[in-house]
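Residue-level structural notes
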Amino acid sequence: MKILLLGQDGQVGWELKRSLQCLGEIVALGRQGQGALIGDLADLSGLQRTLEVVKPDFIVNAAAYTAVDKAEADQALAFRINAEAVGILADYAASSGCWLIHYSTDYVFSGGGRAPWAEQDTVSPLNVYGRSKLEGERAIQRSGCSHLIFRTSWVYGTRGNNFAKVMLRLASERQKLQVVSDQVGAPTGAELIADVTAHALKAAATGAIDGGIYHLAAGGEVSWHGYACHVIETARALGMQLRVETVEEIPSRAYPTPAQRPLNSRMDTSRVQAALRIRLPVWQEGVDRMLTEIQGL
Ligand code: NDP
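Since the structure is predicted, the reported quantities are computational estimates derived from the model, not experimental observations. (Residues numbered from 1 in each chain as written. Predicted model: local features only at pLDDT ≥ 70, side-chain atom pairs only at ≥ 80, totals over all residues. Heavy atoms only, no water.)

1. Side note on helix 5 (residues 163-173)
The α-helix advances 3.6 residues per turn, and as a result positions three or four apart in sequence lie on the same side. Put simply, the rule reads: Only protein chains enter the accessibility calculation, which uses a 1.4 Å probe; a residue whose area is less than 20% of its type maximum is buried, one above 50% is exposed, and one in between is partly exposed. Under the DSSP-based scheme used, a helix requires at least four consecutive residues in state H or I and a strand at least two consecutive residues in state E, with every element numbered from the N terminus. Any two residues whose heavy atoms approach within 4.5 Å are treated as being in contact.
Those residues of helix 5 that fall on the buried side of the exposure criterion are Phe-163, Ala-164, Met-167, Leu-168, Leu-170 and Ala-171. Buried residues in helix 5 make contact with strand 7 (176-180), helix 7 (224-237) and helix 9 (283-295).

2. Structural notes on the state of the cysteines
Applicable threshold: Here, the term disulfide refers to a pair of cysteine sulfur atoms separated by no more than 2.5 Å.
Per the counting criterion, the structure on display carries 0 disulfides. The thiol of Cys-22 is not disulfide-bonded; the next cysteine sulfur, from Cys-98, is found 20 Å away. On the accessibility criterion, Cys-22 (72% relative accessible area) is exposed.

3. Regarding the site of the ligand
We apply this condition: If a single non-hydrogen atom of a residue is within 4 Å of a molecule or strand, that residue counts as near it. Distance and chemistry together define a polar contact, namely a pair of N or O atoms within 3.5 Å, with one atom able to donate a hydrogen and the other to accept it when in protein, and with adjacent residues in sequence counting only for side-chain atoms on both sides.
Residues in contact with the ligand amount to 23 residues; listed here are only the nearest, Arg-31, Leu-41, Thr-66, Tyr-129 and Lys-133. At a separation of 2.7 Å, an oxygen atom of the ligand approaches a polar side-chain atom of Arg-31. Between Ala-64 and the ligand, the recorded distance is 3.2 Å, taken from a backbone N or O atom to an oxygen atom. Elements represented by at least two residues in the shell around the ligand include exactly helix 1 (11-19), strand 4 (99-105) and helix 4 (128-143).

4. Comments concerning the packing of aromatic side chains
How we decide: Aromatic rings from Phe, Tyr and Trp, with only the six-membered ring used for Trp, were paired whenever their centres fell within 6.5 Å, and each pair was classed as stacked if the ring planes differed by under 30 degrees, edge-to-face if by over 60, and tilted otherwise. Geometrically, a charge over a ring is one whose NZ (Lys) or CZ (Arg) sits within 6 Å of the ring centre while staying within 35 degrees of the ring normal.
Scanning all chains against the criterion turns up 10 aromatic pairs. Between Phe-58 and Trp-99, the ring centres sit 6.2 Å apart and the planes meet at 15°, which makes this aromatic pair stacked. Placement of Phe-58 in strand 3 (residues 58-61) and of Trp-99 in strand 4 is noted, with a sequence separation of 41 residues between them. Neither Phe-58 nor Trp-99 differs from the other in exposure class; each is buried. By way of ring pairs, the aromatic residues Trp-154, Phe-163, Trp-224, Tyr-227 and Trp-283 are connected into one cluster. Across from the ring centre of Trp-14, 3.9 Å away, lies the NZ or CZ of Arg-159, which sits over that ring. The cationic tip of Arg-271 hangs over the ring face of Tyr-214; the distance from NZ or CZ to the ring centre is 4.1 Å.

In structure tokens:
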């Protein structure tokens, strides 16, 4: 089995390089590519050539334009990478008969209400990033290829930049932090996403899972404020020296950003758990593990 992994240097891509290792031959590319193989999703013709040379049985696409605020002023590039390039991958998968495994986001939803979003709920993204990711999903569905789309949320990893690491840096510099408390979701480890992807890929290879969209996030829920407090308390318990004394709750309107964020990022993950017969651990398990790893570095 030959697997083409795109976005190998991102949080999820890095973990996929580990979790997919034992499933077959992996051709892993970052934005820089490798020799004649193009890994830059903005280079659509180069990407097409890569597919034709590699001839994968599975394409796993962890590359994406993920700069949510920057995307507001950089719409053309966000759509090129998150939608057009994904369309190239999907069309190739449809014509060659290979599988496409792709990642999307809870930002395809409006964030209204308090109920966890299910796969079939109405989509209505609030920002350019969300719209570009939704267009990527639609390109995959239009192509008719065999696919798995994992919509995930609030991703962190030991490698890469993320909210938990920013909080740790700020907590070591400042006495007081203000963190948004009206956006609720589940921090989800890149490790967990990569491990579930490996299960899913194996299931797809043996015809044991239906293609389509699956929500994939850790269990439980928390606000960004609650997440920040947990990170700080756990880091202190692990012996990290932090200056912070107060972590104040603020509403989203007190922290304006170029891109509007959904308030409700809760995801109903029952479909993926039933399909793969897995249990998704509560978010604290992965976060505590990451903090322990960071502390040991
Ligand atoms: P990262 O930002 O950590 O990784 C994305 C990777 O894509 C980076 O290595 C980036 O490279 C690469 N990339 C960007 N532009 C290009 C390009 N033109 N060609 C090739 N590679 C490119 O994201 P995650 O690993 O966290 O995200 C994985 C998936 O999960 C994505 O589909 C994302 O949309 C989705 N997701 C992520 C969430 C999050 O909180 N991070 C939440 C919900 C969904 P470089 O570093 O050089 O820019």
